[in-house]
Amino acid sequence: MTKIKVKWFYLLSGLFILLNSLLIVKEHYWGIFIPVLIIVGLMYIFWLDKLLLFIVFLTPLAINFADKEMGIGISIPSEPLLVGVLLLFFLKTIFNGNFDKKILTHPVSWTVYLSLFWILITSITSELPLVSFKFLLARLWFVVPFYFLGIALFKNAKNIPLFNWLYVTALVIVIIYTTYQHSIYSFAEEQGHWVMKPFYNDHTAYGGILAFFVPVFLGYTFNFNRSRTYRLYAGIFAAVLLVALFLSYSRAAWVSIAAIVVIALLIVFRIKLRWILTITTVLIAAFFMFQHEILYVLEKNKQDSSENFVEHIQSIYNISSDASNLERINRWQSAFRMFHERPVFGWGPGTYQFVYAPFQRSQERTIISTNAGDLGNAHSEYIGPLSEQGIPGLMIILVMMSTILYTGIKVFRQARDNQIKLFSLLAVLSLCTYFVHGLLNNFLDTDKASVPFWGFFAMIVAMDIYHKETVNISASEDKEDLAEHTDRMDD
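The shown structure was predicted, so the numbers you read here are calculated from the model rather than taken from an experiment. (Residues numbered from 1 in each chain as written. Predicted model: local features only at pLDDT ≥ 70, side-chain atom pairs only at ≥ 80, totals over all residues. Heavy atoms only, no water.)

A. Broad picture of the packing of aromatic side chains. In the structure shown here, the tally under the stated rule is 34 aromatic pairs. Their ring planes at 90° and their centres at 5.3 Å tell us that W110 and Y113 sit as a pair that is edge-to-face. Remark: Y113 and W110 occur in helix α6 (residues 107-124); sequence separation between them is three residues, near one turn of the helix. Assessed through its relative accessible area of 53%, W110 is described here as exposed. Both rings, one in W165 and one in Y230, keep their centres 5.5 Å apart while their planes meet at 70°; by these two values the pair is edge-to-face. Here W165 is found in helix α8 (residues 159-184), whereas its partner Y230 is found in helix α10 (residues 228-247), with 65 residues between them in sequence. No difference in accessibility class separates W165 from Y230, as the two residues are buried. Taken together, the ring pairs in this structure connect F146, F154, F163, Y167, F212, F213 and F456 into an aromatic cluster. One cation-aromatic arrangement involves K421 over F412; the distance from NZ or CZ to the ring centre is 5.5 Å. (Phe/Tyr/Trp six-rings, centres within 6.5 Å; stacked < 30°, edge-to-face > 60°. Helix = DSSP H or I, 4+ residues; strand = E, 2+ residues; numbered from the N terminus. Buried < 20%, exposed > 50% of the residue type's maximum accessible area, 1.4 Å probe, protein only. Lys NZ or Arg CZ within 6 Å of the ring centre and 35° of its normal.)

Below, the structure written as C-alpha coordinates:
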(Lines give C-alpha, C1' and ligand atoms only; values in the text may rest on other atoms or scores of the structure.)
Protein backbone atom coordinates (compact mmCIF):
# COMPACT_ATOMS: atom_id res chain seq x y z
CA MET A 1 0.00 0.00 0.00
CA THR A 2 2.84 2.37 0.85
CA LYS A 3 4.49 1.65 -2.52
CA ILE A 4 1.25 2.51 -4.34
CA LYS A 5 1.03 5.85 -2.48
CA VAL A 6 4.64 6.62 -3.37
CA LYS A 7 3.97 5.83 -7.03
CA TRP A 8 0.93 8.13 -7.05
CA PHE A 9 3.00 10.86 -5.40
CA TYR A 10 5.70 10.64 -8.06
CA LEU A 11 3.15 10.41 -10.87
CA LEU A 12 1.21 13.48 -9.77
CA SER A 13 4.42 15.41 -9.04
CA GLY A 14 5.74 14.57 -12.49
CA LEU A 15 2.50 15.63 -14.16
CA PHE A 16 2.56 18.92 -12.25
CA ILE A 17 6.20 19.62 -13.21
CA LEU A 18 5.42 18.80 -16.87
CA LEU A 19 2.28 20.95 -16.94
CA ASN A 20 3.96 23.86 -15.20
CA SER A 21 6.97 23.66 -17.53
CA LEU A 22 4.69 23.88 -20.57
CA LEU A 23 2.88 26.86 -19.07
CA ILE A 24 6.15 28.67 -18.28
CA VAL A 25 7.34 28.10 -21.86
CA LYS A 26 4.15 29.82 -23.03
CA GLU A 27 4.79 32.59 -20.46
CA HIS A 28 1.85 31.59 -18.26
CA TYR A 29 3.00 31.64 -14.64
CA TRP A 30 -0.22 30.90 -12.81
CA GLY A 31 0.63 27.18 -12.73
CA ILE A 32 2.81 27.68 -9.67
CA PHE A 33 -0.36 28.33 -7.65
CA ILE A 34 -1.89 24.93 -8.48
CA PRO A 35 -0.49 23.22 -5.31
CA VAL A 36 -1.75 26.11 -3.19
CA LEU A 37 -5.23 25.79 -4.71
CA ILE A 38 -5.20 22.04 -4.09
CA ILE A 39 -4.20 22.55 -0.44
CA VAL A 40 -6.89 25.21 0.05
CA GLY A 41 -9.45 22.87 -1.55
CA LEU A 42 -8.47 20.13 0.88
CA MET A 43 -8.81 22.59 3.75
CA TYR A 44 -12.42 23.28 2.77
CA ILE A 45 -13.12 19.54 2.88
CA PHE A 46 -11.04 18.29 5.81
CA TRP A 47 -9.51 21.17 7.83
CA LEU A 48 -11.96 24.05 8.00
CA ASP A 49 -10.47 25.20 11.30
CA LYS A 50 -7.03 25.51 9.71
CA LEU A 51 -8.55 27.36 6.73
CA LEU A 52 -10.11 29.96 9.04
CA LEU A 53 -6.80 30.48 10.81
CA PHE A 54 -5.06 30.69 7.42
CA ILE A 55 -7.49 33.46 6.42
CA VAL A 56 -6.73 35.24 9.70
CA PHE A 57 -3.04 35.29 8.77
CA LEU A 58 -3.75 36.45 5.20
CA THR A 59 -6.10 39.29 6.15
CA PRO A 60 -3.51 41.96 7.12
CA LEU A 61 -1.59 41.14 3.92
CA ALA A 62 -4.63 41.20 1.64
CA ILE A 63 -4.86 43.92 -1.01
CA ASN A 64 -8.08 45.60 -2.10
CA PHE A 65 -8.92 45.63 -5.80
CA ALA A 66 -11.70 47.99 -6.84
CA ASP A 67 -13.41 48.88 -10.10
CA LYS A 68 -15.07 52.26 -9.55
CA GLU A 69 -16.98 52.11 -12.83
CA MET A 70 -18.59 48.77 -11.93
CA GLY A 71 -18.80 49.65 -8.22
CA ILE A 72 -17.00 46.44 -7.28
CA GLY A 73 -14.30 46.11 -4.66
CA ILE A 74 -12.89 42.97 -3.09
CA SER A 75 -9.93 42.18 -0.87
CA ILE A 76 -7.65 39.51 -2.36
CA PRO A 77 -7.19 36.73 -1.26
CA SER A 78 -9.14 36.89 2.02
CA GLU A 79 -12.65 37.74 0.80
CA PRO A 80 -12.87 35.11 -1.98
CA LEU A 81 -11.84 32.50 0.61
CA LEU A 82 -14.53 33.80 2.98
CA VAL A 83 -17.15 33.56 0.25
CA GLY A 84 -16.21 29.89 -0.12
CA VAL A 85 -16.59 29.32 3.64
CA LEU A 86 -20.00 31.06 3.55
CA LEU A 87 -21.23 28.82 0.70
CA LEU A 88 -19.91 25.71 2.45
CA PHE A 89 -21.70 26.68 5.66
CA PHE A 90 -25.02 27.18 3.87
CA LEU A 91 -24.69 23.89 1.95
CA LYS A 92 -23.94 21.92 5.13
CA THR A 93 -26.76 23.68 6.97
CA ILE A 94 -29.27 22.96 4.19
CA PHE A 95 -28.36 19.28 3.80
CA ASN A 96 -27.59 18.43 7.43
CA GLY A 97 -28.88 21.24 9.64
CA ASN A 98 -26.96 20.08 12.69
CA PHE A 99 -25.26 22.96 14.48
CA ASP A 100 -24.68 23.51 18.19
CA LYS A 101 -27.88 25.04 19.57
CA LYS A 102 -25.91 26.74 22.37
CA ILE A 103 -24.32 28.91 19.68
CA LEU A 104 -27.57 29.57 17.82
CA THR A 105 -29.55 30.54 20.95
CA HIS A 106 -26.95 32.63 22.78
CA PRO A 107 -28.14 36.20 23.55
CA VAL A 108 -25.32 37.72 21.47
CA SER A 109 -26.37 35.55 18.52
CA TRP A 110 -29.90 36.92 18.77
CA THR A 111 -28.58 40.47 18.48
CA VAL A 112 -26.57 39.42 15.42
CA TYR A 113 -29.71 37.91 13.84
CA LEU A 114 -31.59 41.11 14.56
CA SER A 115 -28.83 43.20 12.95
CA LEU A 116 -28.79 41.04 9.81
CA PHE A 117 -32.60 41.03 9.63
CA TRP A 118 -32.79 44.83 9.80
CA ILE A 119 -30.06 45.17 7.16
CA LEU A 120 -32.22 42.90 4.95
CA ILE A 121 -35.34 45.00 5.56
CA THR A 122 -33.57 48.29 4.89
CA SER A 123 -31.94 46.81 1.78
CA ILE A 124 -35.43 46.16 0.40
CA THR A 125 -36.47 49.78 1.13
CA SER A 126 -33.09 51.17 0.05
CA GLU A 127 -32.57 54.08 -2.29
CA LEU A 128 -29.99 51.86 -4.06
CA PRO A 129 -31.06 48.23 -3.47
CA LEU A 130 -28.15 46.73 -5.43
CA VAL A 131 -25.61 48.56 -3.25
CA SER A 132 -27.44 47.54 -0.07
CA PHE A 133 -27.73 43.86 -0.97
CA LYS A 134 -24.01 43.82 -1.79
CA PHE A 135 -23.47 45.30 1.69
CA LEU A 136 -25.63 42.54 3.23
CA LEU A 137 -23.75 39.83 1.34
CA ALA A 138 -20.38 41.21 2.49
CA ARG A 139 -21.62 41.34 6.09
CA LEU A 140 -22.67 37.68 5.83
CA TRP A 141 -19.28 36.49 4.63
CA PHE A 142 -17.68 38.17 7.63
CA VAL A 143 -20.24 37.16 10.27
CA VAL A 144 -20.79 33.51 9.32
CA PRO A 145 -17.12 32.41 9.17
CA PHE A 146 -15.80 34.46 12.07
CA TYR A 147 -18.77 34.63 14.40
CA PHE A 148 -20.78 31.43 13.99
CA LEU A 149 -17.95 29.14 12.85
CA GLY A 150 -15.54 31.18 14.97
CA ILE A 151 -17.36 30.14 18.16
CA ALA A 152 -16.86 26.50 17.16
CA LEU A 153 -13.21 27.26 16.37
CA PHE A 154 -12.70 28.69 19.87
CA LYS A 155 -14.26 25.65 21.50
CA ASN A 156 -10.60 24.68 21.64
CA ALA A 157 -9.29 27.48 23.87
CA LYS A 158 -5.80 27.20 22.38
CA ASN A 159 -7.18 28.78 19.21
CA ILE A 160 -7.94 32.04 21.05
CA PRO A 161 -4.30 33.18 21.45
CA LEU A 162 -3.38 31.45 18.17
CA PHE A 163 -5.87 33.69 16.34
CA ASN A 164 -4.18 36.77 17.81
CA TRP A 165 -0.62 35.62 17.16
CA LEU A 166 -1.41 34.78 13.53
CA TYR A 167 -3.10 38.10 12.80
CA VAL A 168 -0.42 40.20 14.47
CA THR A 169 2.46 38.21 12.98
CA ALA A 170 1.17 39.17 9.53
CA LEU A 171 0.45 42.69 10.79
CA VAL A 172 4.10 43.02 11.87
CA ILE A 173 5.11 42.34 8.26
CA VAL A 174 2.89 45.24 7.23
CA ILE A 175 4.36 47.37 10.02
CA ILE A 176 7.91 46.71 8.81
CA TYR A 177 6.91 47.64 5.25
CA THR A 178 5.05 50.77 6.41
CA THR A 179 7.82 51.92 8.73
CA TYR A 180 10.42 51.51 5.99
CA GLN A 181 8.28 53.49 3.53
CA HIS A 182 7.68 56.13 6.19
CA SER A 183 11.39 56.40 6.98
CA ILE A 184 12.06 57.42 3.37
CA TYR A 185 10.08 60.57 4.14
CA SER A 186 11.75 61.08 7.53
CA PHE A 187 8.54 59.98 9.31
CA ALA A 188 6.70 63.10 8.18
CA GLU A 189 3.09 63.48 9.35
CA GLU A 190 1.62 64.13 5.91
CA GLN A 191 3.20 61.07 4.28
CA GLY A 192 2.21 59.03 7.34
CA HIS A 193 -1.38 59.16 6.07
CA TRP A 194 -0.76 56.84 3.10
CA VAL A 195 2.54 54.93 3.44
CA MET A 196 0.66 51.79 4.61
CA LYS A 197 -0.91 51.37 1.17
CA PRO A 198 -1.71 48.97 -0.50
CA PHE A 199 -2.36 46.96 2.66
CA TYR A 200 -4.47 49.59 4.43
CA ASN A 201 -6.38 52.43 2.80
CA ASP A 202 -5.13 55.12 5.15
CA HIS A 203 -3.61 55.79 8.54
CA THR A 204 -6.95 55.77 10.42
CA ALA A 205 -7.77 52.17 9.41
CA TYR A 206 -4.18 51.14 10.09
CA GLY A 207 -4.10 52.90 13.47
CA GLY A 208 -7.45 51.43 14.47
CA ILE A 209 -6.22 47.86 14.03
CA LEU A 210 -2.93 48.60 15.79
CA ALA A 211 -4.87 49.95 18.76
CA PHE A 212 -7.18 46.92 18.68
CA PHE A 213 -4.33 44.50 19.40
CA VAL A 214 -2.32 46.64 21.83
CA PRO A 215 -4.29 45.49 24.92
CA VAL A 216 -4.00 41.85 23.83
CA PHE A 217 -0.21 41.78 23.65
CA LEU A 218 0.28 43.99 26.68
CA GLY A 219 -1.87 41.45 28.53
CA TYR A 220 0.16 38.54 27.19
CA THR A 221 3.36 40.33 28.27
CA PHE A 222 2.22 40.27 31.90
CA ASN A 223 0.66 36.82 31.79
CA PHE A 224 2.84 35.16 34.42
CA ASN A 225 1.15 31.81 33.84
CA ARG A 226 3.14 31.54 30.63
CA SER A 227 6.87 31.05 30.12
CA ARG A 228 9.40 33.85 30.17
CA THR A 229 10.10 33.30 26.45
CA TYR A 230 6.41 33.63 25.62
CA ARG A 231 6.17 36.87 27.59
CA LEU A 232 9.33 38.18 25.94
CA TYR A 233 7.93 37.69 22.44
CA ALA A 234 4.61 39.18 23.51
CA GLY A 235 6.47 42.21 24.90
CA ILE A 236 8.36 42.64 21.63
CA PHE A 237 5.11 42.50 19.65
CA ALA A 238 3.47 44.96 22.06
CA ALA A 239 6.39 47.38 21.68
CA VAL A 240 6.24 47.11 17.87
CA LEU A 241 2.49 47.80 17.93
CA LEU A 242 2.93 50.84 20.19
CA VAL A 243 5.73 52.33 18.07
CA ALA A 244 3.71 51.76 14.90
CA LEU A 245 0.66 53.31 16.58
CA PHE A 246 2.67 56.39 17.49
CA LEU A 247 3.96 56.70 13.91
CA SER A 248 0.47 56.23 12.45
CA TYR A 249 -0.54 59.76 13.52
CA SER A 250 -4.05 58.38 14.02
CA ARG A 251 -5.58 60.59 16.67
CA ALA A 252 -8.73 58.49 17.00
CA ALA A 253 -6.60 55.41 17.70
CA TRP A 254 -4.64 57.30 20.35
CA VAL A 255 -7.90 58.38 22.00
CA SER A 256 -9.17 54.78 21.99
CA ILE A 257 -6.05 53.59 23.86
CA ALA A 258 -6.49 56.33 26.47
CA ALA A 259 -10.15 55.35 26.85
CA ILE A 260 -9.49 51.67 27.51
CA VAL A 261 -7.13 52.54 30.37
CA VAL A 262 -10.14 54.07 32.12
CA ILE A 263 -12.41 51.19 31.06
CA ALA A 264 -9.90 48.61 32.35
CA LEU A 265 -9.81 50.34 35.76
CA LEU A 266 -13.62 50.36 35.91
CA ILE A 267 -13.80 46.63 35.15
CA VAL A 268 -10.91 45.42 37.30
CA PHE A 269 -11.91 47.48 40.33
CA ARG A 270 -15.59 46.54 39.88
CA ILE A 271 -16.92 50.09 39.85
CA LYS A 272 -20.70 49.89 40.26
CA LEU A 273 -22.79 50.51 37.13
CA ARG A 274 -24.88 53.12 38.97
CA TRP A 275 -21.75 55.19 39.64
CA ILE A 276 -20.71 54.98 36.00
CA LEU A 277 -24.20 56.05 34.87
CA THR A 278 -24.27 58.86 37.45
CA ILE A 279 -20.91 60.26 36.33
CA THR A 280 -21.91 59.95 32.67
CA THR A 281 -25.19 61.77 33.33
CA VAL A 282 -23.38 64.55 35.19
CA LEU A 283 -20.88 64.99 32.36
CA ILE A 284 -23.63 65.13 29.72
CA ALA A 285 -25.60 67.63 31.80
CA ALA A 286 -22.48 69.75 32.31
CA PHE A 287 -21.85 69.79 28.57
CA PHE A 288 -25.33 71.12 27.81
CA MET A 289 -25.16 73.64 30.68
CA PHE A 290 -21.82 75.03 29.52
CA GLN A 291 -22.00 74.21 25.81
CA HIS A 292 -21.47 77.82 24.70
CA GLU A 293 -18.36 78.17 26.86
CA ILE A 294 -17.06 74.79 25.67
CA LEU A 295 -17.64 75.64 22.00
CA TYR A 296 -15.90 78.99 22.54
CA VAL A 297 -12.81 77.22 23.88
CA LEU A 298 -12.88 74.70 21.04
CA GLU A 299 -13.19 77.40 18.41
CA LYS A 300 -10.17 79.23 19.85
CA ASN A 301 -8.00 76.17 19.18
CA LYS A 302 -6.13 76.81 15.91
CA GLN A 303 -3.66 73.93 16.23
CA ASP A 304 -3.62 71.84 13.05
CA SER A 305 -2.22 68.33 12.65
CA SER A 306 1.49 68.26 13.37
CA GLU A 307 4.52 65.96 13.62
CA ASN A 308 4.90 67.18 17.21
CA PHE A 309 3.08 64.73 19.49
CA VAL A 310 1.68 67.35 21.89
CA GLU A 311 0.53 69.61 19.04
CA HIS A 312 -1.04 66.64 17.24
CA ILE A 313 -2.97 65.79 20.43
CA GLN A 314 -4.12 69.41 20.70
CA SER A 315 -5.41 69.27 17.12
CA ILE A 316 -7.94 66.60 18.13
CA TYR A 317 -10.36 69.25 19.38
CA ASN A 318 -9.61 71.90 16.75
CA ILE A 319 -12.99 72.52 15.08
CA SER A 320 -12.07 75.90 13.62
CA SER A 321 -9.30 75.20 11.08
CA ASP A 322 -8.32 71.52 11.00
CA ALA A 323 -9.62 70.26 7.64
CA SER A 324 -9.92 66.63 8.78
CA ASN A 325 -12.02 67.53 11.83
CA LEU A 326 -14.19 69.97 9.89
CA GLU A 327 -14.81 67.45 7.11
CA ARG A 328 -15.83 64.85 9.69
CA ILE A 329 -18.35 67.34 11.12
CA ASN A 330 -19.58 68.05 7.58
CA ARG A 331 -20.16 64.31 7.02
CA TRP A 332 -21.97 63.98 10.36
CA GLN A 333 -24.23 66.96 9.65
CA SER A 334 -25.10 65.48 6.27
CA ALA A 335 -25.89 62.14 7.93
CA PHE A 336 -28.20 63.79 10.46
CA ARG A 337 -30.07 65.58 7.65
CA MET A 338 -30.43 62.25 5.85
CA PHE A 339 -31.77 60.73 9.07
CA HIS A 340 -34.34 63.51 9.53
CA GLU A 341 -35.65 62.86 6.04
CA ARG A 342 -35.90 59.05 6.50
CA PRO A 343 -35.85 58.37 10.26
CA VAL A 344 -37.15 54.78 10.32
CA PHE A 345 -35.71 52.86 7.37
CA GLY A 346 -32.91 55.22 6.36
CA TRP A 347 -31.47 55.41 2.87
CA GLY A 348 -30.19 51.84 2.77
CA PRO A 349 -27.06 50.04 4.04
CA GLY A 350 -23.90 51.13 2.25
CA THR A 351 -25.57 54.00 0.40
CA TYR A 352 -24.29 56.98 2.40
CA GLN A 353 -21.35 57.80 0.16
CA PHE A 354 -23.56 57.76 -2.94
CA VAL A 355 -26.40 59.96 -1.66
CA TYR A 356 -24.98 62.35 0.94
CA ALA A 357 -23.73 65.05 -1.46
CA PRO A 358 -27.02 67.05 -1.73
CA PHE A 359 -27.23 67.16 2.07
CA GLN A 360 -24.01 69.15 2.43
CA ARG A 361 -24.20 72.89 3.15
CA SER A 362 -21.83 75.32 1.46
CA GLN A 363 -20.78 76.89 4.77
CA GLU A 364 -19.83 73.47 6.16
CA ARG A 365 -17.84 72.22 3.18
CA THR A 366 -14.05 72.08 3.46
CA ILE A 367 -11.09 72.01 1.10
CA ILE A 368 -11.31 68.20 1.06
CA SER A 369 -15.09 67.95 0.57
CA THR A 370 -16.34 66.08 -2.46
CA ASN A 371 -19.61 65.20 -4.15
CA ALA A 372 -18.25 61.98 -5.63
CA GLY A 373 -18.38 59.94 -2.42
CA ASP A 374 -14.86 58.66 -3.07
CA LEU A 375 -13.27 59.74 0.20
CA GLY A 376 -15.02 57.50 2.69
CA ASN A 377 -18.45 57.55 4.23
CA ALA A 378 -20.01 58.98 7.39
CA HIS A 379 -16.87 58.45 9.54
CA SER A 380 -18.83 56.90 12.39
CA GLU A 381 -20.04 53.39 13.23
CA TYR A 382 -23.08 55.01 14.86
CA ILE A 383 -24.06 58.05 12.80
CA GLY A 384 -23.54 56.18 9.51
CA PRO A 385 -26.05 53.41 10.35
CA LEU A 386 -28.42 56.07 11.72
CA SER A 387 -28.58 57.64 8.25
CA GLU A 388 -28.59 54.33 6.37
CA GLN A 389 -30.79 52.15 8.62
CA GLY A 390 -32.73 54.68 10.68
CA ILE A 391 -33.15 54.78 14.42
CA PRO A 392 -33.80 50.99 14.68
CA GLY A 393 -30.43 50.34 13.00
CA LEU A 394 -28.59 52.47 15.55
CA MET A 395 -30.49 50.96 18.48
CA ILE A 396 -29.68 47.41 17.32
CA ILE A 397 -25.96 48.28 17.16
CA LEU A 398 -26.06 49.71 20.70
CA VAL A 399 -27.92 46.64 22.02
CA MET A 400 -25.42 44.32 20.31
CA MET A 401 -22.49 46.24 21.80
CA SER A 402 -24.04 46.24 25.26
CA THR A 403 -24.78 42.52 25.10
CA ILE A 404 -21.25 41.50 24.07
CA LEU A 405 -19.66 43.74 26.71
CA TYR A 406 -22.01 42.44 29.40
CA THR A 407 -21.18 38.86 28.37
CA GLY A 408 -17.43 39.52 28.32
CA ILE A 409 -17.42 41.17 31.74
CA LYS A 410 -19.60 38.37 33.12
CA VAL A 411 -17.10 35.78 31.88
CA PHE A 412 -14.23 37.77 33.40
CA ARG A 413 -15.92 37.84 36.79
CA GLN A 414 -17.28 34.28 36.82
CA ALA A 415 -14.55 32.29 35.06
CA ARG A 416 -12.84 29.77 37.31
CA ASP A 417 -9.63 29.65 35.25
CA ASN A 418 -7.18 32.57 35.24
CA GLN A 419 -6.40 32.14 31.53
CA ILE A 420 -10.07 32.54 30.63
CA LYS A 421 -10.33 35.54 32.94
CA LEU A 422 -7.41 37.15 31.12
CA PHE A 423 -8.65 36.26 27.62
CA SER A 424 -12.13 37.63 28.32
CA LEU A 425 -10.80 40.88 29.78
CA LEU A 426 -8.46 41.44 26.84
CA ALA A 427 -11.25 40.67 24.35
CA VAL A 428 -13.52 43.24 26.03
CA LEU A 429 -10.80 45.90 26.07
CA SER A 430 -9.89 45.28 22.43
CA LEU A 431 -13.52 45.60 21.36
CA CYS A 432 -13.77 48.79 23.42
CA THR A 433 -10.90 50.32 21.45
CA TYR A 434 -12.98 49.76 18.32
CA PHE A 435 -16.22 51.00 19.92
CA VAL A 436 -14.44 54.24 20.91
CA HIS A 437 -12.67 54.49 17.56
CA GLY A 438 -16.06 53.94 15.91
CA LEU A 439 -17.22 57.32 17.20
CA LEU A 440 -14.91 58.93 14.64
CA ASN A 441 -14.44 56.32 11.89
CA ASN A 442 -16.02 53.17 10.45
CA PHE A 443 -14.26 50.19 8.90
CA LEU A 444 -16.58 47.20 9.40
CA ASP A 445 -17.14 47.04 5.65
CA THR A 446 -13.50 45.90 5.31
CA ASP A 447 -11.92 42.54 6.04
CA LYS A 448 -9.09 44.18 8.00
CA ALA A 449 -11.47 45.28 10.77
CA SER A 450 -14.30 42.75 10.42
CA VAL A 451 -12.16 39.61 10.85
CA PRO A 452 -10.82 40.60 14.32
CA PHE A 453 -14.07 42.34 15.29
CA TRP A 454 -16.35 39.34 14.71
CA GLY A 455 -13.57 37.00 15.81
CA PHE A 456 -13.48 38.66 19.23
CA PHE A 457 -17.27 38.48 19.46
CA ALA A 458 -16.89 34.73 18.86
CA MET A 459 -14.13 34.43 21.48
CA ILE A 460 -16.30 35.95 24.19
CA VAL A 461 -19.34 33.82 23.33
CA ALA A 462 -17.20 30.65 23.13
CA MET A 463 -15.72 31.37 26.55
CA ASP A 464 -19.20 31.96 27.95
CA ILE A 465 -20.56 28.70 26.51
CA TYR A 466 -17.62 26.31 26.79
CA HIS A 467 -14.89 27.60 29.12
CA LYS A 468 -16.40 29.66 31.93
CA GLU A 469 -16.79 26.68 34.27
CA THR A 470 -13.46 25.01 33.40
CA VAL A 471 -11.07 24.91 36.36
CA ASN A 472 -7.76 24.30 34.57
CA ILE A 473 -8.07 25.17 30.90
CA SER A 474 -4.54 24.08 30.00
CA ALA A 475 -5.13 20.60 31.44
CA SER A 476 -8.68 19.94 30.29
CA GLU A 477 -9.11 21.72 26.98
CA ASP A 478 -11.52 20.11 24.59
CA LYS A 479 -9.40 18.59 21.82
CA GLU A 480 -12.29 18.61 19.35
CA ASP A 481 -11.37 21.00 16.55
CA LEU A 482 -13.65 22.78 14.09
CA ALA A 483 -13.31 20.09 11.44
CA GLU A 484 -14.61 17.47 13.90
CA HIS A 485 -17.33 19.86 15.01
CA THR A 486 -18.59 20.47 11.51
CA ASP A 487 -18.44 16.73 10.79
CA ARG A 488 -21.32 16.43 13.24
CA MET A 489 -23.36 18.35 10.67
CA ASP A 490 -22.93 15.36 8.34
CA ASP A 491 -24.47 12.90 10.82
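B. Seen up close, the environment of M43. By the element assignment, M43 lies in helix α2 (residues 34-46). Relative accessible area serves as the criterion here: at 14%, M43 is assigned to the buried category. C-alpha separation for the pair M43 and F54, spaced eleven residues apart in sequence, amounts to 9.7 Å. Setting aside residues up to four positions removed in sequence, M43 forms contacts with L48, K50, L51 and F54. (Contact = heavy atoms within 4.5 Å.)

C. Seen up close, α8. For α8, built from 26 residues, the straight-helix expectation of 38 Å at 1.5 Å per residue is met to within 8% by its first-to-last C-alpha distance of 38 Å. Two residues or fewer after α8 comes S186, characterised by a positive phi angle close to 55°. (Expected span 1.5 Å × (residues − 1).)

D. Region of interest: the nonpolar core. Ranked by size, the top nonpolar core spans 113 residues in total, and within it Y147, Y200, F213, F217, W454 and F457 carry the most contacts. In contact with F213, not counting residues within four places along its chain, are N164, Y167, V168, L241, P452 and F456. Counting residues in hydrophobic clusters, the runner-up holds ten residues, among them W332, A335, W347 and F359. (Core = buried A, V, L, I, M, F, W, Y, C linked by side-chain atoms within 4.5 Å.)

E. Spatial organisation of a positive patch on the surface. A cluster of basic residues, R270, K272, R274 and R413, forms a positive patch on the protein surface. By the element assignment, R413 lies in helix α17 (residues 383-414). A relative accessible area of 33% places R413 in the partly exposed class. (Patch = residues over 30% accessible without salt bridge, like charges linked within 9 Å, V, L, I, M, F, W, Y side chains within 5 Å. Areas by Shrake-Rupley, 256 points an atom, 1.4 Å probe, with all protein chains shown as cover. Salt bridge = Lys/Arg side-chain N within 4 Å of Asp/Glu carboxyl O. Lys, Arg positive; Asp, Glu negative; His and termini not counted. Charge placed at Lys NZ, Arg CZ, Asp CG, Glu CD.)

F. Fine view of helix α15 (residues 323-341). A rise of 1.5 Å per residue sets the reference length of α15, with its 19 residues, at 27 Å; its end C-alpha atoms lie 27 Å apart and thus fit the reference within 8%. Those residues of α15 that sit buried are N325, E327, R328, N330, R331, W332, S334, A335, R337, M338 and F339. Looking at the buried side of α15, the elements it contacts are α11 (251-268), α16 (352-355) and α17.

G. Fine view of the pattern of salt bridges. Across all of its chains, the model carries five salt bridges by this definition. Of the charged contacts, one joins E127 and R342 as a salt bridge, the two residues approaching to 2.6 Å between their closest N and O atoms. Here R342 lies in the loop between α15 and α16 and E127 lies in the loop between α6 and α7 (129-153), a separation of 215 residues in the sequence. Take R342: its relative accessible area is 26%, and that puts it in the partly exposed class. Where D464 meets K468, a salt bridge forms, and the shortest distance between an N and an O atom there is 3.0 Å. Assessed through its relative accessible area of 11%, K468 is described here as buried. Among the charged side chains, a salt-bridge network with shared partners connects K410, D464 and K468.

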